[in-house]
Amino acid sequence: MIVTVVSMPEMTITRTDVSEARERLAVDSFLLVDVELPQDAPAPGTPIADQLGLVGEDMEWFGREGEPPRAEFLGDRAAFVVPVVHGDEIAHLHVVVTERFLATVHRGQAGLAKSITAALRHERPDDTVAVLFLLLQEALDTFRRAAVQALLQSEELEDDMFENRRPEQVYRLAQLRRRSALLHHALRPYLQAIDEILTRRMMSPTFPEERQRRAQGFQTAGRLVLADVESLQDATRRAFASYSSLVAGEQNGVINRLAIVSVIFLPLSFITGFFGMNFTFLTNRLETRDEFWLLAVGLQVVVLLGSLYVLHRTRIWRRLLEED
């Protein structure tokens, strides 16, 4: 595992091991510790919380794979499992914060070390709670960026469908719709859990005003990001509806063409079949070439002209040309 320790407010970043991080967590007063576990590594024999000295029966989940979103107070500390968009997947960042330190654990490079470091240098927070809200805001920003990017792709794909519809567009739409469902499924339970805990804390008269302002700002940002994700869901549904409308329009065009062919050739087929029957009236009465041409060709020409007149009066042909 890779352990990164950031000393605040000096912003001194060092790479160390678990034992040294544990010693510094017990002594230093303003510390940020990030633990990166291997992506496919099995669960360690000793829990990460015990290795860092975060003793307590309620800390067994810290660093354990497959934990659902979490937001709760554990005595003198607050604990969170924060979803983060990492590429095409949703990773989870485990966070524990006290008045002296903030510790995070994640698997692979799904953490927020680079973005948090940049935010810390810019914001210069005064305490670990301010660092916590910066981290939660950065996690929300990963959802916002993913939702906006997918929304733009959906709109571009919808515009491209009207220019040139292709079968692979359905597969791409299905991917975007799955993406929107994945973002919504990960974000909504997390926001619901964290809203409950923040609302309870803000109702307490001992909750500082500055922290109330940060909590309200985070709740507002969370609702806006959730609205972006829901807009993505609506856009993918609308794109699917547009694709279905285009397919239905093309099918209507095919049906209209078949109707034109039927109006022209069905009467001709009937006449051909009728006079093609070998019965006595025809074999005895049609004795000259003029009679043959009159019935065989003239009657078909009359029927063809009648069919074209019907098409012209019903404007089927004109509507077909306008659609093309």
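The following paragraphs examine the structure supplied in this document. What you are looking at is a predicted structure, and each value in this text was computed from that prediction instead of being measured.

This part is about the overall build of the protein. Helix and strand counts for the protein stand at nine helices and seven strands. Taken over the C-alpha trace, the protein has a radius of gyration of 36 Å; the compact-globule value for 324 residues is 20 Å, which it surpasses by more than 25%. In terms of overall dimensions, the protein has C-alpha extents of about 120 × 40 × 30 Å along its principal axes. Total accessible area computed for the protein in this model is approximately 19000 Å², and 55% of it derives from carbon and sulfur atoms.

Okay, the pattern of salt bridges next. Think of it this way: side chains of opposite charge can pair up when their charged atoms draw near. Counted according to the given criterion, the structure contains 15 salt bridges. In this structure, Glu210 engages Arg213 in a salt bridge whose closest nitrogen and oxygen atoms are separated by 2.2 Å. With Glu210 and Arg213 both in helix α6 (residues 209-275) and three residues apart, this pair spans about one turn of that helix. Since its relative accessible area comes to 48%, Arg213 is described here as partly exposed. Through salt bridges with shared partners, a single ionic network connects Arg64, Glu67, Arg70 and Glu72.

Scanning the model with the defined rule gives one aromatic pair in all. Ring centres of Trp61 and Phe62 lie 5.7 Å apart, and the angle between their planes is 85°; this geometry places the pair in the edge-to-face category. The pair Trp61 / Phe62 is uniform in exposure class, with both members buried.

A few words on the environment of Leu37. By the element assignment, Leu37 lies in strand β3 (residues 31-37). For the pair formed by Leu37 and Ile2, sequence separation is 35 residues and the distance between their alpha carbons is 6.7 Å.

Right, let's get into the sheet that holds strand β7 (residues 101-107). In spatial order, the strands read β2-β1-β3-β7-β6-β5-β4; together these seven strands make up an open sheet with mixed pairing. Each edge of the open sheet carries a strand with a single partner, namely β2 (12-16) and β4 (70-74). Strand-to-strand twist across the sheet, computed as the mean angle between neighbouring axes with direction ignored, equals 20°. Bridging between strand β1 (residues 2-7) and β2 involves five bridges; their strand directions are antiparallel. For Thr4, the partnering residue across the bridge sits in β2 and is Arg15. On the sheet, helix α4 (residues 128-163) packs against β5 (77-86), β6 (89-97) and β7 and is oriented at approximately 25° with respect to β5. On the sheet, helix α5 (residues 168-202) packs against β4, β5 and β6 and is oriented at approximately 160° with respect to β5.

In this section: the pairing of β5. Where burial is concerned, most of β5 is hidden: nine out of the ten residues are buried. Relative to β5, β4 runs antiparallel, the two being bridged by five bridges. Residue pairing for β5: Leu74 is matched across the bridge by Arg77. As consecutive antiparallel partners, β4 and β5 are separated by two residues, and within that stretch Gly75 has a phi angle of approximately 70°, a positive value. Bridging between β5 and β6 involves nine bridges; their strand directions are antiparallel. Residue pairing across strands places Val85 opposite Ile90, the latter belonging to β6. Two successive antiparallel strands, β5 and β6, enclose a turn made up of two residues, where Gly87 displays a positive phi of approximately 70°.

This paragraph deals with the packing of α5 against α6. Following both chains from N to C, one finds α5 and α6 inclined at 160°, their axes separated by 9 Å at the closest point. Relative to α6, α5 is oriented roughly antiparallel. Handedness of the crossing formed by α5 with α6: left-handed. A class-by-class count of the residues in the contact of α5 with α6 yields 21 nonpolar, ten polar and five charged.

Counting buried positions over the nine residues of β6 gives seven, a clear majority of the element. When β6 meets β7, the two strands line up antiparallel, connected through four bridges. Across the sheet, the residue bridging to Val97 is Leu102, located in β7. Between β6 and β7, which follow one another and run antiparallel, lie three residues.

Residues Phe80, Leu136, Leu183, Leu187 and Ile194 are the most contacted members of the largest nonpolar core, which totals 54 residues. Those elements giving two or more residues to this core turn out to be β5, β6, α3 (113-123), α4, α5 and α6. Top element by residues in this core is α4. It accounts for 15 residues. Apart from residues lying up to four places away in sequence, Phe80 is in contact with Trp61, Arg70, Ala71, Leu93, His94, Val95, Val97, Leu132 and Ile194. Core analysis: the second largest hydrophobic core is formed by 23 residues, Leu25, Val35, Ala49 and Phe101 among them.

The rules behind each value
Residues numbered from 1 in each chain as written. Predicted model: local features only at pLDDT ≥ 70, side-chain atom pairs only at ≥ 80, totals over all residues. Heavy atoms only, no water. Helix = DSSP H or I, 4+ residues; strand = E, 2+ residues; numbered from the N terminus. Rg over C-alpha atoms; globule rule 2.2 N^0.38 Å. Areas by Shrake-Rupley, 256 points an atom, 1.4 Å probe, with all protein chains shown as cover. Salt bridge = Lys/Arg side-chain N within 4 Å of Asp/Glu carboxyl O. Buried < 20%, exposed > 50% of the residue type's maximum accessible area, 1.4 Å probe, protein only. Phe/Tyr/Trp six-rings, centres within 6.5 Å; stacked < 30°, edge-to-face > 60°. Pairing = 2+ DSSP bridges. Axes fitted to C-alpha atoms, helices over the stretch in contact; angles between N-to-C directions. Contact = heavy atoms within 4.5 Å. Parallel < 35°, antiparallel > 145°, perpendicular 65-115°, else oblique. Left-handed = near helix turned anticlockwise from the far one by under 90°. Nonpolar A, V, L, I, M, F, W, Y, C, P; charged D, E, K, R; others polar. Core = buried A, V, L, I, M, F, W, Y, C linked by side-chain atoms within 4.5 Å.

Treat this as a map of the structure, not an account of what it does.
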